Amino acid sequence: MKFIALIGPAGSGKSTLTGELSDHIESYGASVARVNYDPAAETLSYDPDVDIRDYVKAEDFMAEGLGPNGALIAAVDSSIEYVYDIKDRLEDINPDYAIIDTPGQLELFAYRVGGPLILDAIAGSYPILTIFLMDATFFDNPASIVSILVLASSVAVRLKKPQINIVSKSDLLKEKTISDVISRLGEEDFLVDVINSEELDPFLRSLSLRLSQALVESGFIGEVIPVSIRDPKSLDLLYAKIQQILSYGDDYKFYDYSEEP
Ligand SMILES: Nc1nc2c(ncn2[C@@H]2O[C@H](COP(=O)(O)OP(=O)(O)OP(=O)(O)O)[C@@H](O)[C@H]2O)c(=O)[nH]1
Ligand SMILES: [Mg+2]
């Protein structure tokens, strides 16, 4: 069994991709378990094989007087006691892949103690990677490009898993944005040129330049894959990258097609 956790801001397409990527992988013959780990999910576009809502629901905590975010935190935290049950259920199913759909409020899952603990406990010694979804709408101006990449890197540091960064809903992007921006993000000086093209006050320009320089120089932005559920080829590319990372054990960094062995 190999684990794939989908992480991303609210509405970035995690649940939709959980279903579509699972179907896509199964069309190539591998088996997939779909895991819903969003205790606040009201409806899902896929039929989960394992569902955290069978154990805890955010709405139960709201009924006790908590607000929506407090209820989600309480639900995720209290789900820790069921993590080994969930793992046992997955081991009984014994799929090739288990895809974990995480809660919309990424900041509540990734930055509190519970989220990383849960991923570590469920995956145990099985290989795991995260896919970080950056909504296509972030790629329409320099400031939001830098901020979503910084968020992606911050999640990688927090969760400490190999991470594939994707631009989700890429069908919403113009071809030109894919060829002239997304595919060039990892190029040295590309982000510098993008930032310099925008009017910014000197402090914010300097901060943006330093942040993007760190992201590029550290190798964090290798390749960012545009993915659309409407484009099976993009799902193929994503699946290829998943297999590459999960098959080569600990030797991977951020997979770059140009480094194909
Ligand atoms: N155009 C387009 N829309 C998409 C794509 N993937 C998802 N969506 C839409 O984006 C919206 C949000 O998708 P979800 O899968 O619910 O996103 P999520 O990240 O699970 O949302 P939360 O769990 O609420 O954070 C839905 O209306 C989806 O139909 C895509 O590839 N292209
Ligand atoms: Mg969702």
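Above this text you will find the structure in question.
The structure displayed is predicted, hence computed values, not measured ones.

Basis of the calculations
- Residues numbered from 1 in each chain as written.
- Chains lettered and ligands numbered in written order.
- Predicted model: local features only at pLDDT ≥ 70, side-chain atom pairs only at ≥ 80, totals over all residues.
- Heavy atoms only, no water.
- Phe/Tyr/Trp six-rings, centres within 6.5 Å; stacked < 30°, edge-to-face > 60°.
- Helix = DSSP H or I, 4+ residues; strand = E, 2+ residues; numbered from the N terminus.
- Buried < 20%, exposed > 50% of the residue type's maximum accessible area, 1.4 Å probe, protein only.
- Axes fitted to C-alpha atoms, helices over the stretch in contact; angles between N-to-C directions.
- Left-handed = near helix turned anticlockwise from the far one by under 90°.
- Contact = heavy atoms within 4.5 Å.
- Nonpolar A, V, L, I, M, F, W, Y, C, P; charged D, E, K, R; others polar.
- Polar contact = N/O pair within 3.5 Å; in protein donor to acceptor, adjacent residues only side chain to side chain.
- Near = heavy atom within 4 Å.
- Areas by Shrake-Rupley, 256 points an atom, 1.4 Å probe, with all protein chains shown as cover.

Visitor: Describe in detail the packing of aromatic side chains, supporting the description with residues and values.
Guide: Per the stated rule, a full pass over the model turns up 5 aromatic pairs. When the centroid spacing of 5.9 Å and the interplanar angle of 55 degrees are considered together, the rings of F3 and Y126 count as tilted. Taken together, the residues span a long stretch of sequence, with F3 in strand 1 (residues 2–7) and Y126 in the loop between helix 6 (114–123) and strand 5 (128–135) at a distance of 123 residues. For F3, a relative accessible area of 0% corresponds to the buried category. Arranged with centres 5.9 Å apart and planes meeting at 40 degrees, the rings of Y28 and Y239 form a pair that is tilted. One end of the pair, Y28, is in the loop between helix 1 (14–27) and strand 2 (32–36); the other, Y239, is in helix 11 (residues 232–247), with 211 residues separating them in the sequence. Overall, the relative accessible area of 8% leaves Y239 in the buried class. Taken together, Y28, Y97 and Y239 form an aromatic cluster joined through their ring pairs.

Visitor: So what's going on with the packing of helix 4 (residues 83–93) against helix 6? Residues and values would help.
Guide: In a pair of packed helices, the angle between the axes and the distance between the axes together describe the arrangement. Direction vectors running N to C along helix 4 and helix 6 enclose 40 degrees, while the axes themselves pass 9 Å from each other. As helix 4 runs across helix 6, the sense of the crossing is right-handed. Residue-level contacts link V83, Y84, I86, K87 and L90 of helix 4 to I118, A121, I122 and A123 of helix 6. Partitioning the contact of helix 4 with helix 6 into residue classes produces 8 nonpolar, no polar and 1 charged.

Visitor: Now, about the environment of R112: what can you tell me, with residues and values included?
Guide: Turning to its location among the elements, R112 is positioned in the loop between helix 5 (106–110) and helix 6. Between the C-alpha atom of R112 and that of A136, which follows or precedes it by 24 residues, the distance is 26 Å. In contact with R112, other than residues within four places in its own chain, are I73, D77, E107 and R158. Within the structure, R112 has its side chain in polar contact with the side chain of D77 (distance 3.4 Å).

Visitor: Please set out the site of ligand 1 residue by residue, giving values where relevant.
Guide: Near ligand 1 lie 15 residues; those nearest to it are K14, S15, T16, G104 and D171. Contact distances for ligand 1 include 3.2 Å between an oxygen atom and a backbone N or O atom of S12. Side-chain polar atom of T16 to an oxygen atom of ligand 1: 2.4 Å apart, as the coordinates give it. Coverage of ligand 1 by the protein chains reaches 68% of its 650 Å² of free accessible surface.

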